[in-house]
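Here are the chains, one letter per residue:
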Amino acid sequence: INTDQAVIPIHASDLSSENIIRLEVHASDFVSNASIFSIGIVIDNTGPETTIGFEDFGANSIYSNLIIWTDTFSSSVPFFANTNLPFRIYSYDDYAGNKESYFNINGSTFVKYTNNFNLISDGYYNIKSFGIDNLDNIGSTNSENIIIDTIPPRIIAYTNGDIIVKNNTIFA
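As the structure is a computational prediction, the values presented were derived from the model and not from experiment.

### Structural notes on the nonpolar core
Phase 1 of the analysis: Residues Ile52, Leu85, Phe87, Ile89, Phe103, Tyr113, Phe117, Leu119, Tyr125, Ile127, Ile146 and Ile148 constitute the largest nonpolar core, which totals twelve residues.
Phase 2 of the analysis: Only strand E6 (86-92), strand E10 (123-133) and strand E11 (142-148) provide two or more residues apiece to this core.

Listed below in structure tokens is the structure:
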């Protein structure tokens, strides 16, 4: 074998899914000199997965009294929060690694994620995100719903008679 021009066949089925192929070449010459060359080949043909989260705040944070309710982050169960907190995009790719992530809020144009972002007013938000890995594979778009609600409920009482207030107690 001419070691300068060795060809090693790889079957197409080895390339069809995420995989790490270990290629090991053993070579020896006519006087029994031998060497081994080993390389790992990463097959990555899917983009990164993304999700939306928020920073982990300690007890001394301005967010220590934050009330959050959610069963899970998902597009069908909204995430509720009672304050404006910094959200972030988490993106991960098992093989090639994440190169960059993009997101939009309520159908706006996708923008590159560079820093945490805040949802600045009460309301319903739909945030979509996707990632691109270091091989330029684009991941699927993730969609999450978030509701920011800082307004306490109003209590209204109705009566058919007179209202009397005595010592901070209402009698009707």
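This is not the end of the story, as more comes after the structure.
### Here's the deal with the environment of Leu135
Phase 1 of the analysis: Within the secondary structure, Leu135 sits in the loop between E10 and E11.
Phase 2 of the analysis: Of the residues examined, Leu135 reaches a relative accessible area of 49% and is grouped as partly exposed.
Phase 3 of the analysis: For the pair Leu135 and Asn98, spaced 37 residues apart in the sequence, the C-alpha separation amounts to 9.0 Å.
Phase 4 of the analysis: Not counting chain neighbours up to four residues away, the residues in contact with Leu135 comprise Asp44 and Ala96.

### Regarding the pairing of E11
Phase 1 of the analysis: Burial runs high along E11: six of the seven residues are buried.
Phase 2 of the analysis: Pairing analysis gives seven bridges linking E10 to E11, with the strands arranged antiparallel. Counted as the bridge partner of Lys128 is Ser143 from E11.

### Some points on the confidence of the model for the protein
Phase 1 of the analysis: Counting all residues, the mean pLDDT for the protein is 76, and 72% of those residues have values of 70 or more.
Phase 2 of the analysis: Predicted confidence in the protein is weakest over strand E4 (residues 68-69), with a mean pLDDT of 44, and strongest over strand E8 (residues 111-112), with 96.
Phase 3 of the analysis: Ignoring residues within four places in sequence, the model shows residues 58-75, a span with pLDDT below 50, making 38 contacts including any to other chains.

Cut-off values and rules
Counting from 1, residues in each chain are numbered in the order their sequence is written. Local features in this predicted model are restricted to residues of pLDDT 70 or higher, and side-chain atom pairs are both shown and tallied only at a pLDDT of 80 or more, whereas totals for entire chains, interfaces and linings draw on every residue. Hydrogens and water molecules were not included; the side-chain quantities draw on all heavy atoms of the structure. Throughout, nonpolar core names a set of buried Ala, Val, Leu, Ile, Met, Phe, Trp, Tyr and Cys residues whose side chains join them through atoms within 4.5 Å. Any residue under 20% of the maximum accessible area for its type is buried, any over 50% is exposed, and the rest in between are partly exposed; the area is computed with a 1.4 Å probe on protein chains only. Each helix is a run of DSSP H or I of at least 4 residues and each strand a run of E of at least 2, with the numbering of both proceeding from the N terminus. For this analysis, residues touch if any pair of their heavy atoms sits within 4.5 Å. DSSP-based pairing: two strands are paired if at least 2 bridges between them are found. As a per-residue measure, pLDDT tells how confident the predictor is, with possible values from 0 to 100.

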